[in-house]
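Architecture at a glance
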Amino acid sequence: LAAAFGEGALADTLALLALTVADGSRYAQQLEALPEGRVEREAELRRNLSPAALASLEHLHETSGWYAGLLGASPKEAQGKVAAPLLLLRAAETWREAPIGTQSRAIATAHAFQATIFQTDPEVLERVSAWRGGPSFAE
């Protein structure tokens, strides 16, 4: 996961912001104005953002990559088993659904990025079971 996230770009993080913050329309507008090519898109994004906004976006991207690495770590890499009450929440895997009609660039970019880094429910259940050192959970 960390490697996949590391291959992501700042524009991918901007797309995720467009979909997750209360009023993500300003991020979606910035994303829509960017050129198509990955290199060109990143360069234009860096030119358009103020130094403070760029630093914040870079920090969010790096922190999210670090967290993805924690979530994606193999149970074999973990220091022992998790010994705590466990609550597993799940949400709809909307990133796996086929697009309905025309999608904005923010939605299409976010879904493509999510498809690279998100784990499916069965993958999460397998990892959690391995971390706990016990049987698999029922769905």
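Here, the structure is the one placed above.
Our subject in this report is the structure included herewith. (Residues numbered from 1 in each chain as written. Predicted model: local features only at pLDDT ≥ 70, side-chain atom pairs only at ≥ 80, totals over all residues. Heavy atoms only, no water.)

Side note on the nonpolar core
For clarity, the threshold we go by: Nonpolar cores were defined as sets of buried Ala, Val, Leu, Ile, Met, Phe, Trp, Tyr and Cys residues, with membership established by side-chain atoms within 4.5 Å. Three exposure classes are used, based on accessible area relative to the maximum for each residue type with a 1.4 Å probe and protein chains only: buried under 20%, partly exposed in between, and exposed over 50%. Numbering of helices and strands runs from the N terminus; a helix is a DSSP stretch of H or I covering at least four residues, while a strand is a stretch of E covering at least two. Two residues qualify as a contact provided that any one of their heavy atoms is within 4.5 Å of a heavy atom in the partner residue.
Formed by 19 residues in total, the largest nonpolar core has its most connected members in L31, L45 and L57. Residue assignment for this core shows that the elements contributing at least two residues are α2 (10-20), α3 (25-32), α5 (51-72) and α6 (105-117). The contacts of L57, once residues within four sequence positions are left out, are L10, T13, L14, L17, L45 and L49.

Focus on helix α4 (residues 38-48)
The following threshold applies: The arc in question is the one traced by the directions running from the helix axis out to the C-beta atoms.
Residues of α4 that are buried: R41, E42 and L45. The arc that holds the buried residues of α4, viewed along the axis, is 95°, so those residues lie on one side. Of the residues in α4, the exposed ones pointing more than 90 degrees away from the buried face are V39 and R47.

Structural notes on the pattern of salt bridges
Let me state the cut-off plainly: What makes a salt bridge here is a side-chain nitrogen of Lys or Arg within 4 Å of a carboxyl oxygen of Asp or Glu, nothing more.
Taken as a whole and judged by the stated rule, the model has 4 salt bridges. E36 serves as the salt-bridge partner of R105, at 2.4 Å between the closest nitrogen and oxygen. Here the residue R105 occupies a position in helix α6, and E36 occupies one in the loop between α3 and α4, the gap between them amounting to 69 residues. Judged by its relative accessible area of 61%, E36 falls in the exposed class.

Nothing here speaks to function; it is geometry throughout.
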